[in-house]
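# Fold and geometry: a report
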Amino acid sequence: MSGTLYLVATPIGNLEDMTFRAIRILKEVDIIAAEDTRQTRKLLTHYEIANRCVSYHEHNKRASGPELIRLLEEGQSIALVSDAGTPAISDPGYELVVAAIEADITVVPVPGANAAISTLITSGLSTERFAFIGFLPRDKKKRKQELEKTSGFTGTVLFYESPHRIVETLTHMLVVWGNRAICLGRELTKRHEEIWRGTITEALLKFEQTPPLGEFVIAVEGFNGDAQAEDPTGQWWSELSIEEHYNHYLSNGADRKQALKQVADDRGVNKKQIYAELHVE
């Protein structure tokens with residue numbers, strides 16, 4: 001008989017968020033597959049868990065994934081953990097789950113902490129419907145396309161973002177979606193936990209005064225009827241004059257340079273043409 005693959009959620013900050021069941025499973029399995037064995041060993045040491053710990057992450061998944069499946073097929077039980085939170089969410093654990101299912105191996109969730117859900121429930125934004133996007137693409141064009149895809153979604157939209165990219169990401173949200181209400185979750189369950197609520201422009205002003213630190217969850221309110229999101233093709237501006245198009249971005253908090261560039265990008269023309277039409281300084 002094949003073994004069982006357990007997906008074990010671990011704390012996202014506070015070690016007390018570990019569940020009794022998660023501790024028991026980690027003690028009982030034959031192998032613990034970790035995204036970062038050094039990080040996971042700190043957790044295992046804290047709870048006096050001495051089981052074998054092996055590495056499974058984005059860079060070795062092609063080699064270690066098939067080996068873990070082989071061990072499961074031989075009858076060994078494996079617990080998959082990420083650095084923090086629920087495995088298989090924005091990490092390669094998803095691919096191991098797919099491989100296990102294809103091999104007819106039992107996959108069992110051991111739920112616990114999750115940064116996106118923790119931010120959502122404290123955000124004050126709608127929890128009736130929500131979409132989890134994870135990390136947006138690094139490429140600017142692809143990032144814009146991804147934001148346009150969800151521009152008409154009426155539920156709350158959740159993202160993960162690093163401190164190095166959050167200002168750029170919020171700026172893109174502003175020019176594509178307008179100035180929506182947001183909630184930022186930072187250092188969740190840790191000593192310096194922060195749940196910040198406001199608008200996208202207020203967040204950008206905040207980061208001008210205080211540089212962003214720590215990993216972020218961004219929760220953004222859904223589409224509420226703004227004309228910018230009505231056209232799912234992204235041509236919401238087609239009925240506007242160039243001046244109206246430009247002023248739309250200014251009214252949503254973009255500066256003149258950002259507004260000029262975004263109008264040119266939307267219309268697929270050189271920004272010098274927009275500059276000449278508007279006669280802006």
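See above for the structure.
Residues numbered from 1 in each chain as written. Predicted model: local features only at pLDDT ≥ 70, side-chain atom pairs only at ≥ 80, totals over all residues. Heavy atoms only, no water.

## Overview of helix α9 (residues 242-251)
The line we're drawing: Only protein chains enter the calculation, and the probe is 1.4 Å; a residue is then buried if its accessible area is under 20% of its type maximum, exposed if over 50%, and partly exposed in between. Per the convention used, a helix needs a DSSP run of H or I reaching at least four residues, while a strand needs a run of E reaching at least two, with both numbered from the N terminus. Arc definition: it is the arc formed by the directions from the helix axis to the C-beta atoms. Two residues qualify as a contact provided that any one of their heavy atoms is within 4.5 Å of a heavy atom in the partner residue.
Restricting attention to buried positions, one finds in α9 the residues His 245, Tyr 246, His 248 and Tyr 249. Mapping the buried residues of α9 onto a view down its axis gives an arc of 150°, with all of them on the same face. The exposed set on the far side of α9, more than 90 degrees from its buried face, consists of Glu 243 and Ser 251. Those residues of α9 that are buried are in contact with α7 (166-177), α10 (256-267) and α11 (271-278). Looking one or two residues beyond α9, the residue adopting positive phi is Gly 253, at roughly 105°.

## What about helix α6 (residues 140-149)?
The α-helix advances 3.6 residues per turn, and as a result positions three or four apart in sequence lie on the same side. What counts, and what does not: Counted as a polar contact is a pair of N or O atoms within 3.5 Å, where, for protein atoms, one must be capable of donating a hydrogen and the other of accepting one, and residues adjacent in sequence contribute only when both atoms are in side chains.
When we look at burial in α6, the residues that qualify are Arg 143, Lys 144 and Leu 147. Seen from one end, α6 has its buried residues packed into an arc of 100°, which puts them on one side. Those residues of α6 that are exposed and angled more than 90 degrees off the buried face are Lys 141, Lys 142 and Lys 149. Each element contacted by the buried residues of α6 is listed here: β7 (156-161), α7 and α10. Its side-chain oxygen placed 3.2 Å from the backbone nitrogen of Lys 141, Asp 139 serves as the N-cap of α6.

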